[in-house]
Amino acid sequence: MKVAFYKGTRPGLAGKLNRLIRWWTKSPYSHCELVVAPIIDAHLCASSSFEDGSVRFITTKLDPARWDVVGLAADPVTERAAVEWFNDHFGEPYDFAPVFAFLRRGGRHRGRWHCSESIGAALGMPESWRFDPATLHAALSSDSVQSPPDDMPPLVSA
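Right, let's walk through the structure included here. Nothing here was measured: the structure is a model prediction, and the numbers come from that model. (Residues numbered from 1 in each chain as written. Predicted model: local features only at pLDDT ≥ 70, side-chain atom pairs only at ≥ 80, totals over all residues. Heavy atoms only, no water.)

1. Looking at helix H1 (residues 12–25)
Its 14 residues place the ends of H1 20 Å apart at the C-alpha level, agreeing with the 20 Å of an ideal helix rising 1.5 Å per residue. Looking at the packing, one finds that the buried side of H1 touches strand E1 (2–6) and helix H4 (133–141). (Helix = DSSP H or I, 4+ residues; strand = E, 2+ residues; numbered from the N terminus. Expected span 1.5 Å × (residues − 1). Contact = heavy atoms within 4.5 Å.)

2. Thoughts on the sheet that holds E1
Strand pairing in a sheet is mediated by backbone hydrogen bonds. Such pairs are either parallel or antiparallel. Strand order across the open sheet formed by five strands is E4-E3-E2-E1-E5, with antiparallel pairing between neighbours. Every interior strand has two partners, whereas the edge strands, strand E4 (54–60) and strand E5 (67–71), have only one. Going from strand to strand, the sheet's axes swing by 30° on average, the running direction of each strand aside. Along the sheet face, H4 touches E1, strand E2 (31–39) and E5 and points at about 145° away from the line of E1. (Pairing = 2+ DSSP bridges. Axes fitted to C-alpha atoms, helices over the stretch in contact; angles between N-to-C directions.)

3. Describing the pattern of salt bridges
Taken as a whole and judged by the stated rule, the model has five salt bridges. Glu 127 is the partner of Arg 130 in a salt bridge, and the nearest nitrogen-oxygen pair spans 2.4 Å. Taken together, the shared-partner salt bridges in this structure form one network comprising Glu 33, Asp 52 and Arg 56. (Salt bridge = Lys/Arg side-chain N within 4 Å of Asp/Glu carboxyl O.)

4. Quick look at unusual backbone geometry
Positive phi, normally seen in glycine, also occurs at Lys 26, with a value near 50°. The residue Lys 26 is located in the loop between H1 and E2 in this model. In this structure, Glu 127 is a non-glycine residue whose phi angle is positive, near 50°. Taking the relative accessible area as the measure of exposure, Glu 127 reaches 46% and is therefore partly exposed. (Buried < 20%, exposed > 50% of the residue type's maximum accessible area, 1.4 Å probe, protein only.)

5. Here we look at the pairing of E1
Within E1, four of the five residues are buried, which leaves the element mostly enclosed by the surrounding structure. Relative to E2, E1 runs antiparallel, the two being bridged by five bridges. Bridge pairing in E2 places Val 3 opposite Leu 34. Where E1 and E5 come together, five bridges link them in antiparallel fashion. Counterpart to Lys 2 in the pairing with E5 is Gly 71.

6. Some details on the nonpolar core
Among the nonpolar cores identified, the biggest contains 23 residues, and Val 3, Leu 123 and Leu 140 are the most heavily contacted of them. Among the secondary structure elements, those contributing two or more residues to this core are E1, E2, helix H2 (76–89), helix H3 (115–122) and H4. It is H3 that contributes the most residues to this core, four residues altogether. Ranked by size, the runner-up nonpolar core spans six residues in total, among them Ala 4, Tyr 6, Val 35 and Leu 62. (Core = buried A, V, L, I, M, F, W, Y, C linked by side-chain atoms within 4.5 Å.)

Next up, the structure:
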């Protein structure tokens, strides 16, 4: 399973929003997509999108000039659960408030999702509403998330 992080800039109002999110989060990323499956010359992805207005699936080309892709440890159970999460929440509205953190004082808005929150929730990450594309990228890029050690020593109690 993979997560793609958008670093490009779309034209028009969408491009202004891309720049605003990158500025606000001090990050090169303004959006993210869960990569569900490869399709000829493209990928089936899932996320919640401002442009589309809701949780949805979309087919897109992941041009390396516009997207950074983070691979996650292979786990068919997690992959299946993530796709089921998106099927269960399909069509639920986009949550615009996280673009400006000060609008998000009380936690998540029930029934509304932003991109990184939807992906975090689909992956089973607690308090996924706290993630923006930059912090989700950091969390998923850490070695402990990508490839847990096989030879981890047993915990020692004091």
